[in-house]
Every structure is written in C-alpha cells, then in structure tokens.
Amino acid sequence: MPSRRGYRKWASNLDMYRKVPTDLLEGTKRGSVISYLAMMVMLILYFAETMSYFSGSYIQTDVSLDLNKEEKVRVNFNITMLDLRCDYAVIDIVSPLGTAQNVTANVQKYALDDAGVKARYKGRNLNQNDILLHDHLVTSSIEELHEDGEDAISLDPETLETAKQENTYLFVDFFASWCSHCRDLAPTWEVLAEAMTEAAMAKVDAQYDHIHPDDLSDEEYNEALEVELPVKIAKLDCVDYAQLCFQQQIWAYPTLRLFIDGSPVADYKGDRTVLEMIHWLSHVEEEHKKSIGENDFKVKVADEIARETLQVKETREQMLLLPNRNNNDEWAKKIKRHQTRQMAMQWQEEEHAGCQLSGFLYVDRVPGNFHIQARSPAHDIAAHMTNVSHEIHHLSFGDPGVRKAIQYRKLPMPPNFEKSLSPMDGNVYVNYEKHESFHHYLKVVTTNFDDPYVKKSTATKMKNRRDSKELMAYQILSSSQLSYYHEDIVPEAKFSYDP
C-alpha cells in the first residue's frame, strides 16, 4: 500500500497552473520590434477593411421572370455593307406578328466608295415605287415590232467592243431572259431604237434629197444612217454572257447603261417610257457636246419623231413651263419627273462599292429577325452578283442612353457588363464565295438595375430618365454561322433575335 508522501508527490504533478519561469518574462529588443510591426499591420488592415466596407460597391444579382411589359424593343445599328450599293440595300423586319419590308423610318444610308470613304451627302432609305415600269403608249407586242426588222441590235462580247468604238453614244440594255421587268421593257426598248433609226433616216434623207435614190446603194445608205444615228440602242443577254456582265458589274436586271466614247458614263434610273428615256439622252448629249464645243444635237430629232409616233401633243419645252392654276398637281408631277430624269448620276467603277446603314428599328418583343439584302421594285437582282459581306460598327438593344445613365449614377456593374451590351461591335464578316452569307443569332437578356440608395418615394418623383429608380438594359449573347443559298436565291445578312 503506497505511503501518504508518495500520494502527495503524484498529486502535485497534476498542477495545470504552474508558474512561468522568470527568464521567459524578460523583454528583448528583437521581440519589441516584431511586436510593434505586428500592431502596425493589424491597424492598417483594420482601417483598410473598414474603409472598404463603407465606400465599396455592393452588387447583388438575382434571376427572375422577365416582367418587362413593353410591346416593342428598340434596335440600334450601324452596319456597313462592304460590297452592296445603296440603290439596292433594304432592311426588312420579320416576326410572327407581321413583316415590314424596306423599312425607311429612322434609317439613313451613306454611299461609300471602294476605299470606304463616305460620300458627302446622306440619303434616306427610299423606295422606288414612283418609277413607271411600263409605257402605256406602246401597245404593240415585241413580236409585232420585229415583223419589219429588229432595230435594237443584240450584242456579244466582241460586238460590244466594236459598238463602243464605232458609236459616240451607245445605250445598252443588260437583261436576263428570265427577268419579268426585262420582258416588260422589251417593246419600249424596241420603239426607242426605232425612233433613233427614223431620226437618222430623216437626217440622211434631208442631206441626200437632191440625189436620185438609185444613185445611193444600200451599203452607202446604211453607212450614212450609222453616222447620223443619234444614239445606238442595243441589248445584251446576261444569261448567255454571264462573265461579261460580271466584268461590267451588272447587279440587277435590267440595267440600262450609257457609254460615251467607249466609256460607261451613267445608268438610267428614271421612268421606263420612250419619251422619258429620250429626254434623258437629250440632256446627256447636250451636256457632253457643250463640254467639247459642239452644238449639233441629234437626239432632239428623235424626240420629235417619237412624239409623232406615240401621238403625244405636249412638247418637251411645255413640260418646263410654269404650272397653271387649273392643272397644278398634274403639271407638278410632270416637272418633278422631268427634273428627276435629268439628274444623270455619273457611274464609275470605283464608286458606290458599299453602303453604310445606320439608325434604329422598333421590333416586337417576340422572336424574329431583321435582315439586309439587295432588292429593288424596278429590277430583278442577280443572285450570283450579290455579296452581303458586312462590318458591324454598333449593334445594341434598348435605350442607347442607358449606358451613360449607369455611369452617371456610378452604379456597380458585373464584370464585362458593358461589353455584353454590344458584343458584336467591330466585327467583320466577309463572304469569299458566291451564294453564301453570315447569319447571326442574338439572345437578348433584360437586365434591371435597382439602386438601393435611392428611396422608392424619391424615385417616383424623378423626371429624368437617368435619375429614375430603375434602369433597364439588354445584354446580348451572340453567335454567328455561315449559311449557304440556292443559286436563284438572293443572299441576305440576317440578324435573328430572341428578346
């Protein structure tokens, strides 16, 4: 049995509150330096965290059902079509609620040359429905007109070059046999050619009236007709000579192109009537011959003959007179058409290679698309000549001032939020082959900003948009893919959206 002394010794070993040795309580310089450094670090961290708490941003995100009750959403865009002329570039909107073609409201076009330089003027996205596509004064069919011969000569690549060299003025109809507008134009074009031939015949007969008809051979007479012909009227089938039309940059059918001294000068864009085309040719002839010091205007004779053939009593000069009070509207329309046809747009190969379209659209808040394509109510577009390569300078949804409003109020934003509002800005989509185009798919996400520091009662009294309680922005998730088209379908740059 253990002794009492041994028990006490064992019990003293269980003391958990023993005294610390005196040598461990002695201070040292090294320990003092480390202690002061540690206190300074703790103080710095304390104040830094406190300041961060009171001055830092507070972001809280939440995913909920879209409670946006707006029926339409605004689409802001600035897109350059790199190889599509403004004459043919149109914007269409398609949705389950309806289709809007050739949208013109809030859309502007800027013609660009091949270097991307913007023209000094801007134009609205106007439709061309005011152009007369048929001459009601021409009642004969093309077969009936061809019974006594064909005055509008058919050309091929070789004869085109010959005709350009031999004729000062050459007016060519570049057409396609399948084109409905071309078939409607054919009788009018033949009557125009007949008017030019008869004008030359009248001039030759007046010059050789003292000569007996038997003294002038058919060959000499035809040569004289060629010399006196005011304008050579010709046509070329782009279906048979597709490569030539590609070299001539024929985008749509019919394309009525005037050559002067072998060089392309202008494409006719006015009413497709005999008198309108003759007036336009007369104006071009006058301007050209005045520039070279000549005053022998031959097209005027064709104008007189055409009026006599079509039984039109009104002269060209009468169309320029001031309108009378009894027939104001009709005269105003005639003068407007006359002035329009005289505005001959100079055609050069390097000009109008592209078109910049900018503005905004209002689309229904349902899945749909808007697309840019080549179309004209007065032409049939050549699908193989349509290139819808494009550069997106800007594309966004919603109020364009939201971004500035968020910055003005210094609201916290999630990472990469500003980039997500217009993620396609600066992207270029180039089509290197025929019958292809890029399609873009846009998932639009509504994002609401709620400022916790603005009281609800105060927010309702604010009138300024950027100071309102809640700001609404639209983030975009985008993807693009290259699509291919059938040979007879005109490609389009399509933007499908799901707001």
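Shown above is the structure to which this text applies.
Residues numbered from 1 in each chain as written. Predicted model: local features only at pLDDT ≥ 70, side-chain atom pairs only at ≥ 80, totals over all residues. Heavy atoms only, no water.

Enquirer: Explain the overall build of the protein to me, using residue names and the numbers behind them.
Expert: Summing up its helical and strand segments, the protein has 13 helices and 19 strands in all. Counting across all 499 residues of the protein, residues that qualify as buried make up 42%. Sequence separation of at least 24 residues holds for 81% of the intrachain contacts in the protein that already meet a minimum separation of 6. Here the protein has roughly 30,400 Å² of accessible surface; of this, 53% comes from carbon and sulfur atoms. (Helix = DSSP H or I, 4+ residues; strand = E, 2+ residues; numbered from the N terminus. Buried < 20%, exposed > 50% of the residue type's maximum accessible area, 1.4 Å probe, protein only. Contact = heavy atoms within 4.5 Å. Areas by Shrake-Rupley, 256 points an atom, 1.4 Å probe, with all protein chains shown as cover.)

Enquirer: Just give me the short version of the state of the cysteines, but keep the residues and values in it.
Expert: Two cysteines, two sulfur atoms, one covalent bond between them: this is a disulfide. Counting across every chain of the model gives 2 disulfides. The disulfide that involves Cys86 links it to Cys355, with 2.1 Å between the sulfurs. One quick way to see it: the torsion about the S-S bond of Cys86 and Cys355 is about 100 degrees, and its sign makes the bridge right-handed. Separated by 269 residues along the polypeptide, Cys86 in the loop between strand S1 (72-81) and strand S2 (89-95) and Cys355 in strand S12 (residues 354-364) bring together distant segments of the chain. When its relative accessible area of 0% is taken as the criterion, Cys355 is described as buried. Covalent S-S linkage joins Cys238 and Cys245, the inter-sulfur distance amounting to 2.0 Å. One disulfide, between Cys238 and Cys245, carries an S-S torsion of -85 degrees and so falls in the left-handed class. You can call Cys245 buried: its relative accessible area is 2%. (Disulfide = S-S within 2.5 Å.)

Enquirer: Lay out the side chain of Ser420 in plain terms, naming residues and giving numbers.
Expert: Inspection of the secondary structure puts Ser420 in helix H12 (residues 417-421). Ser420 sits in the buried class, given a relative accessible area of 12%. Leave out the neighbours within four places in its chain, and Ser420 touches Tyr474, Gln475 and Ile476.

Enquirer: Tell me what's going on with the pattern of salt bridges, and back it up with residues and numbers.
Expert: Inspection of the entire model under this criterion finds 10 salt bridges. Residue Asp87 pairs with Lys269 through a salt bridge whose shortest N-O separation is 3.2 Å. Here Asp87, found in the loop between S1 and S2, pairs with Lys269, found in the loop between strand S11 (263-267) and helix H8 (274-291); they are 182 residues apart in sequence, far enough to count as distant. For Asp87, a relative accessible area of 25% corresponds to the partly exposed category. The class for Lys269 is partly exposed, based on a relative accessible area of 33%. Among the salt bridges present, the one from Lys235 reaches Glu150, with a minimum N-O distance of 2.8 Å. One end of the pair, Lys235, is in strand S8 (residues 232-237); the other, Glu150, is in the loop between helix H3 (142-145) and strand S6 (153-154), with 85 residues separating them in the sequence. Salt bridges linked by common partners bring Arg85, Asp87 and Lys269 together as one network. (Salt bridge = Lys/Arg side-chain N within 4 Å of Asp/Glu carboxyl O.)

Enquirer: Just give me the short version of the sheet that holds S11, but keep the residues and values in it.
Expert: Strands in a sheet are paired, the pairing made by backbone hydrogen bonds, and the direction either parallel or antiparallel. The 5 strands are arranged S6-S8-S7-S10-S11 in an open sheet whose pairing can be described as mixed. Edge strands, defined here as strands with exactly one partner in the open sheet, are S6 and S11. Alignment of strand S7 (residues 169-175) against strand S10 (residues 255-260), held across 6 bridges, turns out to be antiparallel. Bridging from a neighbouring strand, Val172 pairs with Arg257 of S10. Of the strands in this sheet, S6, S7, S8 and S10 touch helix H4 (residues 157-166), which is tilted by about 155 degrees from S7. (Pairing = 2+ DSSP bridges. Axes fitted to C-alpha atoms, helices over the stretch in contact; angles between N-to-C directions.)

Enquirer: Explain a negative patch on the surface residue by residue, including any values.
Expert: On the surface, Glu143, Glu144, Glu147 and Asp148 cluster together into a negatively charged patch. Owing to a relative accessible area of 64%, Asp148 belongs among the exposed residues under this scheme. (Patch = residues over 30% accessible without salt bridge, like charges linked within 9 Å, V, L, I, M, F, W, Y side chains within 5 Å. Lys, Arg positive; Asp, Glu negative; His and termini not counted. Charge placed at Lys NZ, Arg CZ, Asp CG, Glu CD.)

Enquirer: Could you give an account of the packing of aromatic side chains, naming the residues involved and the relevant values?
Expert: Scanning all chains against the criterion turns up 10 aromatic pairs. Relative to Phe438, the ring of Tyr429 lies with its centre 5.3 Å away and its plane at 55 degrees, an arrangement referred to as tilted. Classification of Tyr429 as buried rests on a relative accessible area of 11%. Phe438 sits in the buried class, given a relative accessible area of 17%. An aromatic cluster is defined as three or more aromatic residues linked by ring pairs; in this entry it consists of Phe171, Trp189, Tyr268 and Trp280. (Phe/Tyr/Trp six-rings, centres within 6.5 Å; stacked < 30°, edge-to-face > 60°.)

Enquirer: Tell me about the pairing of S8, and please be specific about residues and values.
Expert: Strand residues, when the strand is regular, have side chains that alternate between the two faces of the sheet. Of all 6 residues in S8, 6 are buried; the element is thus mostly enclosed. Neither face of S8 is exposed, since Lys232, Ala234 and Leu236 on one face and Ile233, Lys235 and Asp237 on the opposite face are all buried. Bridging between S6 and S8 involves 2 bridges; their strand directions are parallel. Among the inter-strand pairings, Ile153 is bridged to a residue of S8, identified as Ala234. Pairing of S7 with S8 involves 6 bridges; the strand directions are parallel. The partner of Asp173 across the bridge, within S8, is Lys235.

Enquirer: Requested: an account of the nonpolar core, with residues and values cited.
Expert: With 61 residues, the main nonpolar core has Val172, Leu361, Phe370, Leu395 and Phe397 as its most contacted residues. Sequence-distant contacts of Leu395, defined by excluding residues within four places in its chain, comprise Val75, Asn76, Phe77, Phe370, Leu421, Ser422, Met424, Asp425, Leu442, Ile476 and Phe495. By size, the runner-up hydrophobic cluster in this structure holds 37 residues, among which are Tyr169, Leu185, Ala266 and Ala306. (Core = buried A, V, L, I, M, F, W, Y, C linked by side-chain atoms within 4.5 Å.)

Enquirer: Tell me about unusual backbone geometry, and please be specific about residues and values.
Expert: Residues Tyr253 and Pro254 are joined by a peptide bond in cis, for which omega reads -5 degrees. Summarising the element assignment, Pro254 is placed in the loop between strand S9 (252-253) and S10. The residue Gln249 is not glycine, and still its phi comes out positive at about 60 degrees. Mapped onto the secondary structure, Gln249 falls in the loop between helix H7 (242-247) and S9. Under the relative-accessibility criterion, Gln249 is labelled partly exposed at 24%. In this structure, Asn416 takes a positive phi of about 60 degrees despite not being glycine. Overall, Asn416 belongs to the exposed group, its relative accessible area being 64%.

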